[in-house]
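Observations on the model geometry
These are the residues of each chain, in order.
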Amino acid sequence: MPSAPIDVPVLIAQGVEDDLVPARVQQAYVAQRCSAGQKIDYRQFDGRGHLSLVADGSPLEAGLIAWTEDRFDGAPATPNCAQ
């Protein structure tokens, strides 16, 4: 996992039911990176696992497309580290 600053917008999506990357592990990573000053948009999805989070029709799909289009359109990222 990256430990150096990342100079582009970062979105991390986590399935709460992920059994490959447990949510608690991802939460700890995000908290550590946020405390180091990294700006992260972190999103959790109940009832989703590692693969079901990225499957067609996932609740991540529309938000990820919109997030990506916003970055290409030059809109600033909206990190939520404080939440």
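Every value quoted in this text rests on a predicted model; they were computed, and no experiment measured them.

Concerning the state of the cysteines
- Counting across every chain of the model gives one disulfide.
- What pairs with Cys34 in a disulfide is Cys81, and their sulfur atoms sit 1.9 Å apart. Its S-S torsion of approximately -65 degrees makes the covalent link between Cys34 and Cys81 left-handed. Placement of the pair is Cys34 in helix H1 (residues 23-35) and Cys81 in the segment after helix H2 (59-72), with a sequence separation of 47 residues.
- For Cys34, a relative accessible area of 17% translates into the label buried.
- Of the residues examined, Cys81 reaches a relative accessible area of 31% and is grouped as partly exposed.

Looking at the environment of Val16
- Structurally, Val16 is set in the loop between strand E1 (10-15) and H1.
- Expressed as a C-alpha distance, the spacing of Val16 and Glu69, which sit 53 residues apart in the sequence, is 25 Å.
- Filtering out sequence-adjacent residues up to four positions away, Val16 remains in contact with Ala23, Gln44, Phe45, Asp46 and Arg48.

Reading the values: the criteria
Residues numbered from 1 in each chain as written. Predicted model: local features only at pLDDT ≥ 70, side-chain atom pairs only at ≥ 80, totals over all residues. Heavy atoms only, no water. Disulfide = S-S within 2.5 Å. Helix = DSSP H or I, 4+ residues; strand = E, 2+ residues; numbered from the N terminus. Buried < 20%, exposed > 50% of the residue type's maximum accessible area, 1.4 Å probe, protein only. Contact = heavy atoms within 4.5 Å.

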